[in-house]
Amino acid sequence: VWERPALRLLFFILGLTALGEGVMSTLFIPFVTEALRGSALEVGWLMSAQAVGGILGGVLVATFATRFAPARLLGWGAVGLGMTDLAIFNYPAVFPVLLPALLLFALAGFPVAALQAGLLTLFQLEVEEAYRGRVFGAFGTVSALVSLVGMGAAALLGDRLGVVPVINTQGVVYVLAGLVALAALGQRAVRPAAAVP
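As the structure is a computational prediction, the values presented were derived from the model and not from experiment.

What counts, and at which threshold
- Residues numbered from 1 in each chain as written.
- Predicted model: local features only at pLDDT ≥ 70, side-chain atom pairs only at ≥ 80, totals over all residues.
- Heavy atoms only, no water.
- Helix = DSSP H or I, 4+ residues; strand = E, 2+ residues; numbered from the N terminus.
- Expected span 1.5 Å × (residues − 1).
- Bend = angle between axes of the 7 residues up to and from the residue.
- Buried < 20%, exposed > 50% of the residue type's maximum accessible area, 1.4 Å probe, protein only.
- Axes fitted to C-alpha atoms, helices over the stretch in contact; angles between N-to-C directions.
- Parallel < 35°, antiparallel > 145°, perpendicular 65-115°, else oblique.
- Contact = heavy atoms within 4.5 Å.
- Nonpolar A, V, L, I, M, F, W, Y, C, P; charged D, E, K, R; others polar.
- pLDDT = per-residue confidence, 0-100.
- Phe/Tyr/Trp six-rings, centres within 6.5 Å; stacked < 30°, edge-to-face > 60°.

Between its first and last C-alpha, helix H6 (residues 129–161) extends 46 Å over 33 residues, near the 48 Å set by a 1.5 Å rise per residue. Residue Ala155 marks the point of greatest curvature in H6, where the axis turns by about 30°. Those residues of H6 not exposed but buried are Val135, Phe139, Ser147, Gly150, Ala154 and Gly158. Positive backbone phi, at 105°, marks Gly162, one or two positions downstream of H6.

Bringing the packing of H6 against helix H7 (residues 163–184) into the picture now. The contact between H6 and H7 brings their axes to 7 Å, and the two run at 140°. Comparing their axes, H7 and H6 come out oblique. Residues Ala154, Leu157, Gly158 and Leu161 of H6 lie in contact with H7, whose contacting residues are Val163, Pro165 and Val166. Each residue belonging to the contact of H6 with H7 can be placed in one class, and the counts come to six nonpolar, one polar and no charged.

This brings us to the confidence of the model for the chain. Mean pLDDT over the chain works out to 89, with 94% of the residues at or above the 70 mark. Considering only residues more than four positions removed or in separate chains, one finds that residues 189–197, a stretch of pLDDT under 50, has 17 contacts.

Looking now at the packing of aromatic side chains. Under the counting rule described, the total for this entry stands at eight aromatic pairs. Centroid distance Phe11 to Phe123: 5.6 Å. Interplanar angle 75°. Geometry classified as edge-to-face. One end of the pair, Phe11, is in helix H1 (residues 5–34); the other, Phe123, is in helix H5 (residues 109–126), and 112 residues separate them in sequence. Exposure remark for Phe123: the relative accessible area of 0% places this residue in the buried category. Centre to centre, the rings of Phe64 and Phe68 are 5.6 Å apart; their planes meet at 85°, and the pair counts as edge-to-face. Of the residues examined, Phe64 reaches a relative accessible area of 23% and is grouped as partly exposed. Given a relative accessible area of 45%, Phe68 falls into the partly exposed group. Three or more aromatic residues joined by ring pairs make a cluster, and in this case those are Phe11, Phe123, Phe136 and Phe139.

Structure, rendered in structure tokens:
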């Protein structure tokens, strides 16, 4: 991983997104109960909307993903998800009702599908088959460790700074990750793994 610039970049992007996911997983329920004034029922509705959006997003992305470079899918997917998250976390300060959150959670499925398609395609193209299992293992390990850091930070800072300011980390790091992908990878032609020495 360290010897290949594209893989180093993908792991950096992964680290950013995993940090945000750790924060989100810790503060999601406090966000629903405090910002949206919801309960376990509303949490369930939001998770269901996210699942429906994920299915629809996966179907839609599967129909057009081959028209775009994987780096573009990753970059714009991450930016789209980050912007959607920021909208979700901040609109209740002005309009604290559940319906926009349900729609935005469903909408988030589309950038998530694009992001995942781009990221996993790039990983598979950058790593030849003999090393792919080890690299994916490292991918999972790094993701879990950085998520743990995000969870710890959210637990420490959520009460001190407020749930909404801290959970906004999720949206910010996704936008940052997407911009990094677009700037550093762009339309870069990824060589097939078999051609990588």
